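Listed below are the residues making up each chain.
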Amino acid sequence: MNSRSGPLAVVAAAVLWGTAGTVGTLASATSVSLAAARLVLGGALLGTLALVTRRRTSNGNVPVRRSPILSLGVSLILGAVAVAAYQLCYFAAVARTGVAIGTVVAIGSGPVFTGLLSWIAGRERPSGRWALATAAAVAGCAVLVTGGRGTGGVDAGGVALALLGGLLYAFYAVVAARAIGGGMASGVVMGVLFGGAAVLMLPVLASTGPGWLAHPGGLLTALYLGCATTGLAYLLYGRGLRTTPVATAATLALAEPAVAALLGVVALREHLSPVSWAGLALLALGLVVVALPAGARGPGGAVAPGTARAAAGSRQ
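1. Focus: helix H5 (residues 99-122)
Next, step 1: With 24 residues, H5 should reach 34 Å at 1.5 Å per residue; the first-to-last C-alpha distance of 34 Å fits that figure.
Next, step 2: Along H5, the helix axis deviates most sharply at glycine 110, where the bend reaches about 30°; the proline proline 111 sits within four residues downstream.

2. Thoughts on the packing of aromatic side chains
The relative placement of two aromatic rings is captured by the distance of their centres and the angle of their planes.
Next, step 1: According to the stated counting rule, one finds 8 aromatic pairs in the structure shown.
Next, step 2: A ring pair is formed by tryptophan 17 and tyrosine 237, whose centres lie 5.4 Å apart and whose planes are at 55°; its orientation type is tilted. Here tyrosine 237 lies in helix H9 (residues 216-241) and tryptophan 17 lies in helix H1 (residues 5-18), a separation of 220 residues in the sequence.
Next, step 3: Between the aromatic rings of tyrosine 172 and phenylalanine 194, the centroid separation amounts to 6.1 Å while the plane-to-plane angle is 85°, which identifies the pairing as edge-to-face. Here tyrosine 172 is found in helix H7 (residues 156-181), whereas its partner phenylalanine 194 is found in helix H8 (residues 186-207), with 22 residues between them in sequence.

3. Quick notes on the environment of threonine 248
Next, step 1: With respect to the element layout, threonine 248 can be found in helix H10 (residues 246-252).
Next, step 2: With relative accessibility at 5%, the residue threonine 248 sits in the buried group.
Next, step 3: Sequence-wise, threonine 248 and valine 10 are 238 residues apart; in three dimensions their C-alpha atoms are separated by 9.5 Å.

4. A short note on the packing of H7 against H8
Next, step 1: The contact between H7 and H8 brings their axes to 9 Å, and the two run at 145°. Along this stretch, H7 crosses H8, giving a crossing that reads as right-handed. In this structure, H7 uses Tyr172, Ala176, Ala179 and Ile180 to contact H8, whose residues at the interface are Ser186, Val189, Met190, Leu193 and Phe194.
Next, step 2: Considering only residue class, the contact of H7 with H8 consists of 8 nonpolar, 1 polar and no charged.

5. Section: unusual backbone geometry
In terms of backbone geometry, most residues other than glycine have negative phi values and most peptide bonds are trans.
Next, step 1: One non-glycine residue, arginine 269, lies in positive phi territory at about 55°.
Next, step 2: For arginine 269, the location among the structural elements is in the loop between helix H11 (255-267) and helix H12 (274-291).

Cut-offs used in this document
- Residues numbered from 1 in each chain as written.
- Predicted model: local features only at pLDDT ≥ 70, side-chain atom pairs only at ≥ 80, totals over all residues.
- Heavy atoms only, no water.
- Helix = DSSP H or I, 4+ residues; strand = E, 2+ residues; numbered from the N terminus.
- Expected span 1.5 Å × (residues − 1).
- Bend = angle between axes of the 7 residues up to and from the residue.
- Phe/Tyr/Trp six-rings, centres within 6.5 Å; stacked < 30°, edge-to-face > 60°.
- Buried < 20%, exposed > 50% of the residue type's maximum accessible area, 1.4 Å probe, protein only.
- Axes fitted to C-alpha atoms, helices over the stretch in contact; angles between N-to-C directions.
- Left-handed = near helix turned anticlockwise from the far one by under 90°.
- Contact = heavy atoms within 4.5 Å.
- Nonpolar A, V, L, I, M, F, W, Y, C, P; charged D, E, K, R; others polar.

Read these as layout, nothing more, since geometry by itself doesn't imply function.
See below:
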């Protein structure tokens, strides 16, 4: 994959994430149960593909890097925990502070935390262009989701949980990027992260009443959310991380709420205020700027040669 196709793969993943909210309305399930089913099914798919990829790699006698296996394994385990914990933080935040604010804080803080963590991990300062474009995109996302309305009475605990969710997202994104940059196949990395998270989310699915999966509509919805908006989306996201700095990828992923908003207008006949349309334009401008080709070093870290929500909580 060349450096130009990396951002396209990330945006394609964000487009798939953005369809989750519209499709999720077809199932008569709670948002938590829907998110758990999506992650369990998508994680099972990614985990299976990872096992197949590892087996083929072993049969082909492809040399595997041996350092540092222990620290990498621990990082991936912690990343899987972060994927599952993001779910709990996101929905707890939404319950306390509302969907709009919870979504804006969780999704909007993700790129900022990702830039900071990738700076700490890679000791590369994000560029000024990335910072300005990300600020514009996050501001546009906030205006798009809230419609420019005030946020009086926001629950501080809910905002804190949403911020923790953004930090968890940033953590597992950086873990994935570093593992891929270290030589692991992107499919294997995503399989480990989401396969592990699927195991952790099984009790959540069982406790939230999975009876809706017995109905054809519910099952088809869950299969789409699991296979397309999780399995395929994160395969694309992993491929994008091979050549796209993780901070840039996190900002490009803000295309998700834009797609969700447009689908709401087209498919669900929702209405966007003029202020929301302005926010959408600002978000699009920020994404275009951050996606413009840069030199060998991008925001959030150097690109190694050859490497690199609102039903169902979106990015699970």
